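# Geometric and topological summary
Now for the letters of each chain:
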Amino acid sequence: MTNRRSFLTGAGVTMLGASLVSKAGAAALPEAPVHNSAATAAPLAPTSGRPYNPVVTLNGWTLPWRMKDGVKEFHLVAEPVVRELAPGMQANLWGYNGQSPGPTIEVVEGDRVRIFVTNKLPEHTSVHWHGQLLPCGMDGVTGLTQPGIQPGKTFVYEFVARHAGTFMYHPHADEMQQMAMGMMGFWVTHPKNPRQHAVDRDYVMLLSSYDIEPGSYTPRTNTMLDFNLWTINSRVFPGLDPLVARQNDKVRIRVGNLTMTNHPIHLHGHRFEVAGTDGGWVPKSARWPEVTTDVAVGQMRAIEFVADAPGDWAFHCHKSHHTMNAMGHDVPTLIGVDHRGVAEKINQLVPGYMVMGDKGGSMGDMKMALPANTLPMMSGEGPFGNLEMGGMFTVLKVREGLARGDYRDPGWYRHPAGTVAREWSGEVPAPTRAPDARPAPAPAGQALDARKPGAKDHGGHHH
Ligand SMILES: [Cu+2]
């Protein structure tokens, strides 16, 4: 998608950007390739400069560069984009080079880097290179280290990528609006020695969140906490590709958080170590085993593990409302309420109420009419039925005998016989209970004391 042809056919906006510069000037600028597909692009092997092991941006891509007089030149175009969050829902976001998040930038420790940034947004912007050690005037903070890049203008940033590690880029201009619209991208500086910190598969992802009212397309950008879409690289499950690994591959997953809350990132079936932060690599002696690591706002974490266990392993944020899509809000809890046969009556009291809880089936079972351009809050089909997940959730698929560099979805895991949880078909004796261990009966008259959706309780619903 990022070849010359897609540049010519898919980049009307980019061509317009170049035409703002003089003809002679345009030749001085590197191309700004665009990418429209939401598929995970194959790792971009370096064609010039020092060798390195490229990363894989989940449902994203890496920005090609050109080498000019020993300098790596990139061209970012800040512009409005349309991003498919998952099949069935598109969002009007802002991003770079056709996509949110913007393309991943990969360089090598010691590289001199020059980045042209063309602003095609309706307001000024800037780019801050989060985590880089650079001259202060290249830090991209509007008003503090540079004037804003006005609409239609192109700025140049230039610095040496001084240390290897995991970084990101984002505006430092009208941040609340621009980040709520999806403006961000990943940056990896590879070590000079490609054998240092080498892994077999190196995935990168940025966490972002949006507040898009069901049925609409554009995020509400004055939202501070109450976001309803929790995304990995501006995609939600089931729109996220699996993380594929060959059994016994050493795998790294780099996670950056540009939402307004923390995300405890959890991996099933494996133990990992936090091997890097946005400050650099963690010394081996300072690492400890984990299955969940919290990624706070504005942080990056690089986790590493040996994918030694074949299977389909959940990888997700451990906040349960972050593995749900937009319809999950303002629904009353009715666990313990026997509402069989009274759903219609409840509906008169609580419009839009959906039957769930211990008597009515789970949220994942709900089949309700959705407005156009909205995802069910928990969805995804698995080999055993409804997966009941959305948001920040995907699957690590570990398989024997994959080819090196094969990132294709291998399908669902075939479990060895006798290794899957199954229904017990024998006798089930009645449990022996202590005298006080019975659940308390609901007081009469409170069974239907449900909160009405939309009637916001500002004390109780926070993220
Ligand atoms: Cu989360």
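Refer to the structure presented above.
Now for a look at the structure at hand. Treat the numbers as computed from the prediction; the structure is a model and nothing was measured.

## Section: the overall build of the chain
Counting its regular elements, the chain contains five helices and 24 strands. Intrachain contacts of the chain at a sequence separation of at least 6 include 74% that bridge at least 24 residues.

## Describing the sheet that holds strand 19 (residues 292-295)
In space, the five strands of this open sheet follow the order 13-24-21-15-19, with mixed pairing throughout. Whereas interior strands pair on both sides, the edge strands pair on one side only; in this sheet they are strand 13 (243-246) and strand 19. On average, each strand axis in the sheet is tilted by 20 degrees relative to the strand beside it, whichever way the strands run. The sheet contact formed by strand 15 (residues 263-267) and strand 21 (residues 311-317) spans three bridges and is antiparallel.

## Re the sheet that holds strand 7 (residues 128-130)
Spatial strand order, 5-10-9-7: four strands in an open sheet with mixed pairing. If you trace the sheet from one side to the other, it starts and ends with strand 5 (105-108) and strand 7, each paired once. Pairwise comparison of adjacent strand axes, ignoring direction, gives a mean angle of 25 degrees for this sheet. Here five bridges tie strand 9 (residues 165-170) to strand 10 (residues 185-190), and the two strands are oriented antiparallel to one another. Looking across to strand 10, one finds that Thr166 is bridged to Val188.

## Things to note about unusual backbone geometry
That bond from Ser100 to Pro101 is cis: its omega, 0 degrees, falls within 30 degrees of zero. Along the chain, the position of Pro101 falls in the loop between strand 4 (89-96) and strand 5. Here Phe237 and Pro238 are connected by a cis peptide whose omega angle stands at 10 degrees. Of note, Pro238 is situated in the loop between strand 12 (229-232) and strand 13. Residues other than glycine seldom take positive phi values, yet Asn97 does so here, at roughly 55 degrees. Structurally, the position occupied by Asn97 is in the loop between strand 4 and strand 5. Overall, the relative accessible area of 0% leaves Asn97 in the buried class.

## Concerning the coordination of the copper ion
The copper ion binds to the protein through His263 (ND1), Cys317 (SG) and His322 (ND1); the donor distances cover 2.0 Å. Spacing between the donor residues of the copper ion along the chain follows H-x53-C-x4-H. Of this pair, His263 sits in strand 15 while Cys317 sits in strand 21; the two residues are 54 residues apart in sequence, bridging distant segments of the chain. The exposure classification of His263 matches that of Cys317, with both residues buried.

## Let's talk about the nonpolar core
Ranked by internal contacts, the top residues of the largest apolar core, which has 29 residues, are Tyr203, Met205, Leu243, Ile253, Phe305 and Phe315. In this structure Phe305 touches Asp249, Lys250, Val251, Ile253, Leu267, His270, Arg271, Phe272 and Leu396, once residues within four positions along its chain are discounted. Counting 28 residues, the second largest nonpolar core, distinct from the first, contains Val113, Leu121, Leu134 and Met183.

## So, the pairing of strand 21
Counting buried positions along strand 21 gives five out of seven residues, so the element sits mostly inside the fold. Both strand 21 and strand 24 (residues 393-399) contribute to a ladder of six bridges, which runs antiparallel. Its bridge partner lying in strand 24, Ala314 is registered against Val395.

## Points about the packing of aromatic side chains
Taken as a whole and judged by the stated rule, the model has eleven aromatic pairs. Centroid distance Trp129 to Trp187: 5.6 Å. Interplanar angle 65 degrees. Geometry classified as edge-to-face. Placement of the pair is Trp129 in strand 7 and Trp187 in strand 10, with a sequence separation of 58 residues. Both residues of the pair, Trp129 and Trp187, belong to the buried class.

## A look at the side chain of Thr189
By secondary structure assignment, the location of Thr189 is in strand 10. When its relative accessible area of 1% is taken as the criterion, Thr189 is described as buried. Here Trp187 takes part through its side chain, which lies 2.8 Å from a polar atom of the side chain of Thr189.

Procedures and definitions
Residues numbered from 1 in each chain as written. Predicted model: local features only at pLDDT ≥ 70, side-chain atom pairs only at ≥ 80, totals over all residues. Heavy atoms only, no water. Helix = DSSP H or I, 4+ residues; strand = E, 2+ residues; numbered from the N terminus. Contact = heavy atoms within 4.5 Å. Pairing = 2+ DSSP bridges. Axes fitted to C-alpha atoms, helices over the stretch in contact; angles between N-to-C directions. Buried < 20%, exposed > 50% of the residue type's maximum accessible area, 1.4 Å probe, protein only. Donors = N, O, S within 2.8 Å, 3.2 Å for Na, K, Ca; no water. Core = buried A, V, L, I, M, F, W, Y, C linked by side-chain atoms within 4.5 Å. Phe/Tyr/Trp six-rings, centres within 6.5 Å; stacked < 30°, edge-to-face > 60°. Polar contact = N/O pair within 3.5 Å; in protein donor to acceptor, adjacent residues only side chain to side chain.

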